[in-house]
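Single-letter residue listing:
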Amino acid sequence: MRLDRHRPSPGALLLLAALAGLAACVAALLWSTQQPWMGLKLSPEAEGLRIEAVSPGSPAAGLPGAQRLPGSVLRSIGPVELRPSDLIEEPDAFRSYEQIGEFLARQSTLRRALQDGPVRLGIRAADGNAFEALLSPAPSRSFGDLPPSFWFQLFCGLCALLVGVWIWVLRPFDWGARMFALTGLSFPVATISAAVYSSREIAIDGAAFRALSGMNHAGSMAFGMALIAMFLCYPKRIVEPRALLAIPALFLPWLAADLLRLMPDQDWGIRAPVLLMVLIAFGCAVKQWRMTEGDPHSRGALRWMSLSTTLGCGLFVLTTVLSKLLGWLPPLEQGYAFGFFLIVYLGIALGLRRYRLFDLDRWAFRILLWVGGALALLTLDALLLLSLRLAPAASLGLSLLVIGFLYLPARSFLWHRVVDRRRLADDELFQAVLQVAFTASSDERAQGWQALLRRMFDPLELEVLGPDPFGRRYTAHDSDRPEILRDGLAMALPAVASSPGLVLRYPWKGRELFGLAQLRLATHVVELMRHADASRDAYERGVVEERRRVARDLHDDLGARLLASLNRPDLASTRRTIREAIAEMRSVVAGLAGESQDLGACIAGLRHETASRLEAAGIELDWPLTDGVDGIRVDYRICKNLSSMHRELVSNVIRHANATRLSVAIELNDGRLRSRVRDDGVGGAVADAADSFGLRNLRRRVEELNGKVSVADARPGTLVDIELPLTAGGAR
């Protein structure tokens, strides 16, 4: 936004507009209350005006028999016989100027009668008896007696003024915002003037009425002219700004002719120009639609602005102008019909601000579907009523049934086809993500990820984020989640699948914007890719760890046995050692195949092997049989590590303990295996435990199985206590 030091601040301009709007509202309020007041709530009746209620504390409430007034008909005020048209809300309902002139003359006569009071009221009671009552109108009307429509019209006008000025102060040099501000300035002129004369009790001065009606016409036509000018300037400039002067050049003379009553009638005076303005504005919107082709940003703003304008203006014209012209629908009270323009202001303001266009675009289509469904229901109901002569309830029920069966599936189809469309089915997308994640090389993964994004969103541009060419700064995407940028023109994605952060621009060849549906889809795909990456990394780590384990087993056990066989003094012991090596190799192979082993067979084999080794060394073995271990299947690593640890301990005893006896006790308790190995040798293993490679290796194997080990000096000898969990989760 450009700043001008001589220009008032946006806050000051907004405050000034608010004060001006409030001043106009206060003036309307004071003028409306400074009118003669009877205290009667009236509605049109065939023979006069029906008395709906009597305001408490009013002059009418003080009349004798005031409790009989509700439901009665007020037939005359003084010498003036009342007509239903005396209470008409909007004089534009009269077609000819002569009718308006007669109406305004009666307004002046009635006001003078009330102002000069006391006045004699001619009343027909609900029981049919006629009587007269002498009433002295109060010189002013209380605030509380003003109808809700009065306050609602003031509210609409004030909101339009503030919203229009708000957009203008934010974008003061934008012609679209300037024209929108003009609509905000003109709309209160129409609503506040209408609030005064449409909320009268029965009559105001005819000259004042005509002036207020003229203000209403001027405000309405000024609004229409500004609306046309706005669509000529925004989002694309159709004409140069000076060409906008052609609009008032056409319509201001028309307005003057209407105010001077030079036109044939009111249809030509006010209704025809209003309809013409709406049609021209829609024509400009169509032109803008063609000009914004290939510019999804402007197209999104235009779609929302056009929809809100069509909806708001269309509902107002339908419920006020067309209903009177065609007699099709019962007209809505004009004071509340002004509320439809709040839709226009909200929609245009959001479109001009381009606030979350990706959301507005989605909402625009959702509203179009709702309106389409409502129009389809009304059309079908009207056709059934006119063609088949069905009863209204039966026609409406049948219409709901038909629309429910036909429209709802069509709406779902259109929604998924236009808004929530996806190029890839879920199963295809899942397969594509896994294929990218498990591609062998990182470069291929990055290329596969970018190719997948192109298939999903078909962007015109795909930028790979990274350091700039001079290395001075990084443009990497900081967030770890996808984000929509530039009101939906682009979407940034974090680094994933060995690819740096990416920015996708102009999805679907620039025809649409990124929306929340695409953001959610990208977020899910990124999360899925991260899970796949993590799974692939875990798999690769497992492969490396398994290779290390196999290498360790081959080196520590199989290699050691084969090496030992070369040094055996006789053929028998050599063969025995080789058979043990072959058994060890089978055990390693079984571990590679992921096979479980029988714990009882594992302990029995280890017991037999230990006995053979100790016998050869002249050491007595005390190893009682272990109960409850036969038939228990355990992971290969448990058997393998248990065997390796025992072999290491037996080797230490044979080499260093100078023992004569070795005791081994294995027991199983609550899913944990405990092995206590004790010799009667020289002891002293605790002091060397920290530096002993054998004990460090022992602790590593126990920790790998999430077990515990302790080494104690139990002179004579050493006691090693090993405890291992046997559950599948115990081994890492």
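What counts and what doesn't
- Residues numbered from 1 in each chain as written.
- Predicted model: local features only at pLDDT ≥ 70, side-chain atom pairs only at ≥ 80, totals over all residues.
- Heavy atoms only, no water.
- Phe/Tyr/Trp six-rings, centres within 6.5 Å; stacked < 30°, edge-to-face > 60°.
- Buried < 20%, exposed > 50% of the residue type's maximum accessible area, 1.4 Å probe, protein only.
- Helix = DSSP H or I, 4+ residues; strand = E, 2+ residues; numbered from the N terminus.
- Expected span 1.5 Å × (residues − 1).
- Bend = angle between axes of the 7 residues up to and from the residue.
- Patch = residues over 30% accessible without salt bridge, like charges linked within 9 Å, V, L, I, M, F, W, Y side chains within 5 Å.
- Areas by Shrake-Rupley, 256 points an atom, 1.4 Å probe, with all protein chains shown as cover.
- Salt bridge = Lys/Arg side-chain N within 4 Å of Asp/Glu carboxyl O.
- Pairing = 2+ DSSP bridges.
- Axes fitted to C-alpha atoms, helices over the stretch in contact; angles between N-to-C directions.
- Lys, Arg positive; Asp, Glu negative; His and termini not counted.
- Polar contact = N/O pair within 3.5 Å; in protein donor to acceptor, adjacent residues only side chain to side chain.
- Contact = heavy atoms within 4.5 Å.

*Asks:* Please set out the packing of aromatic side chains residue by residue, giving values where relevant.
*Replies:* Going through the model one piece at a time under the given rule, you end up with 11 aromatic pairs. Plain terms: the ring middles of Phe150 and Trp151 are 5.3 Å apart, the flat faces sit at 85 degrees to each other, and that makes the pair edge-to-face. Classification of Phe150 by relative accessible area gives buried; the value is 0%. For Trp151, a relative accessible area of 37% gives the class partly exposed. Pairing Phe187 with Phe341 gives two aromatic rings, centres 5.1 Å apart and planes at 45 degrees, and the pair type is tilted. Taken together, the residues Phe187 in helix H4 (residues 175–198) and Phe341 in helix H10 (residues 340–353) connect sequence positions 154 residues apart.

*Asks:* Now, about helix H7 (residues 266–291): what can you tell me, with residues and values included?
*Replies:* A rise of 1.5 Å per residue sets the reference length of H7, with its 26 residues, at 38 Å; its end C-alpha atoms lie 37 Å apart and thus fit the reference within 8%. Helix geometry: H7 is bent most strongly at Ala272, by close to 35 degrees, with proline Pro273 lying one to four residues after it. Restricting attention to buried positions, one finds in H7 the residues Gln266, Asp267, Gly269, Ile270, Arg271, Pro273, Met277, Val278, Ala281, Cys284, Ala285 and Gln288.

*Asks:* Which residues make up a nonpolar patch on the surface, and what values go with them?
*Replies:* Taken together, the side chains of Val26, Leu30, Phe143 and Trp151 make up a nonpolar region of the molecular surface, amounting to roughly 380 Å² of accessible area. Tracing the backbone shows Phe143 in the loop between strand S6 (130–135) and helix H3 (148–170). Phe143 gets classed as partly exposed once you look at its relative accessible area, which sits at 45%.

*Asks:* A description of the pairing of strand S3 (residues 73–77) should follow, citing residues and the corresponding values.
*Replies:* Here S3 lies mainly inside the structure; 4 of its 5 residues are buried. Pairing between strand S2 (residues 48–54) and S3: 2 bridges, direction antiparallel. Looking at the pairing, Arg50 lines up with Val73 of S3. Relative to strand S5 (residues 119–124), S3 is paired through 4 bridges, and the arrangement is antiparallel. Bridge pairing in S5 links Leu74 to Ile123. The pairing of S3 with strand S4 (residues 80–81) spans 2 bridges and is classified as antiparallel. Bridged to Ser76 within S4 is Glu81. A loop of 2 residues connects S3 with S4, the two strands running antiparallel in sequence, and Gly78 in this loop sits at a positive phi of about 65 degrees.

*Asks:* Residues and numbers for the sheet that holds strand S16 (residues 708–713), please.
*Replies:* Taken together, the 5 strands give an open sheet; going across it, the order is S12-S14-S15-S17-S16, and neighbouring strands pair in mixed fashion. Among the strands making up the open sheet, the edge pair consists of strand S12 (620–622) and S16. Each strand of the sheet is rotated relative to its neighbour by a mean of 15 degrees, with strand direction disregarded. With 7 bridges joining them, strand S15 (residues 672–679) and strand S17 (residues 718–725) adopt antiparallel strand pairing. Bridge pairing in S17 places Arg676 opposite Asp721.

*Asks:* Give a detailed account of the side chain of Arg445, specifying residues and quantitative values.
*Replies:* By secondary structure assignment, the location of Arg445 is in helix H14 (residues 442–457). Buried charge without a salt bridge: Arg445, with Glu540 as the nearest opposite-charge side chain at an N-O distance of 5.0 Å. Within the local environment of Arg445, its side chain forms a polar contact with the backbone oxygen of Thr439, the two atoms lying 2.7 Å apart. If sequence neighbours within four positions are ignored, Arg445 has contacts with Val436, Ala437, Thr439, Ala440, Ala497, Ser498 and Arg536.

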